[in-house]
Every structure is written in C-alpha cells, then in structure tokens.
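These are the residues of each chain, in order.
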Amino acid sequence: MDPMSMTMIVAGVTSLLGLFARLAYRAARDRADVRRAELAQQGLSERVRLLPPGSRLSERCPERSVEVLVGRPADQSGAR
C-alpha cells in the first residue's frame, strides 16, 4: 500500500469516528434534555397536588411560563 492510500484510509476512519462521536453526544444531550423536562414536570405536578382548591400556581423561568389554577373538588356525584 502506498502512503497516499494509507493517508486516505486513516482520514476516512477518523472522519467516521468523529461522526459517531457527534451523534453519540447529540443523543446523550437530547436524553438529558428530556429527563430534565420530565423532572420539571414531575416537580410541578407534586407542587400542584399539595395546593388546596382555589389556589393559583405561577412559575416563570427563561424557557417557560406556567400558570395553574387548582379547581374545586367534585361533589359526590362526580359533577362540578
């Protein structure tokens, strides 16, 4: 094998390894983003469950704004 073809093979393998590394990083970052969103939603749900009927929960941060109005409990027949 001549040095030129060996250089091309090494460059190709290096490019593929770089591509796989970028894809793995993107997948890990996306999974972390989803997990953070799940934890934020879970925390919001837990805080809402602790509020009495008629309460209002407002939460604002740079990426989202949430306002929740907790309703009154249903009567015995299930109607509101």
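Values in this document were obtained by computation on a predicted structure and should not be read as measured data.

Student: Where do I start with the confidence of the model for the protein in this structure?
Tutor: Detailed reading of the predicted model is not advised wherever pLDDT is low. Looking at the protein as a whole, its pLDDT mean stands at 85, while 89% of the residues score no less than 70. Predicted confidence in the protein is weakest over strand β2 (residues 64–69), with a mean pLDDT of 82, and strongest over helix α1 (residues 3–49), with 91.

Student: What am I meant to see in the environment of Val66 here?
Tutor: Its place among the elements puts Val66 in strand β2. Residues within four places of Val66 in sequence aside, it is in contact with Leu44, Leu57, Ser58 and Glu59.

Student: Could you clarify how one ought to interpret the pattern of salt bridges in this entry?
Tutor: Working definition: two side chains of opposite charge can pair if their charged atoms are close together. The tally for this structure, following the rule as stated, stands at 7 salt bridges. Between Arg47 and Glu59 there is a salt bridge, with its nearest N and O atoms 2.2 Å apart. Of this pair, Arg47 sits in helix α1 while Glu59 is found in strand β1 (residues 56–61), placing the two residues 12 residues apart along the sequence. Residue class for Arg47 comes out partly exposed when judged on its relative accessible area of 36%. For Glu59, a relative accessible area of 17% puts it in the buried group. As a salt-bridge pair, Arg60 and Glu67 come within 4.0 Å of each other at their nearest N and O atoms. Taken together, the shared-partner salt bridges connect Arg56, Arg60 and Glu67 into one network.

Student: Whenever I open this one, the pairing of β2 confuses me. Can you help?
Tutor: Residues in a regular strand point their side chains to alternate faces of the sheet. Sheet analysis places β1 next to β2, joined by 6 bridges and oriented antiparallel. Residue pairing in the sheet places Cys61 in a bridge with Arg64 of β2. Here β1 folds back onto β2 in antiparallel fashion, the turn holding 2 residues.

Parameters at a glance
Residues numbered from 1 in each chain as written. Predicted model: local features only at pLDDT ≥ 70, side-chain atom pairs only at ≥ 80, totals over all residues. Heavy atoms only, no water. pLDDT = per-residue confidence, 0-100. Helix = DSSP H or I, 4+ residues; strand = E, 2+ residues; numbered from the N terminus. Contact = heavy atoms within 4.5 Å. Salt bridge = Lys/Arg side-chain N within 4 Å of Asp/Glu carboxyl O. Buried < 20%, exposed > 50% of the residue type's maximum accessible area, 1.4 Å probe, protein only. Pairing = 2+ DSSP bridges.

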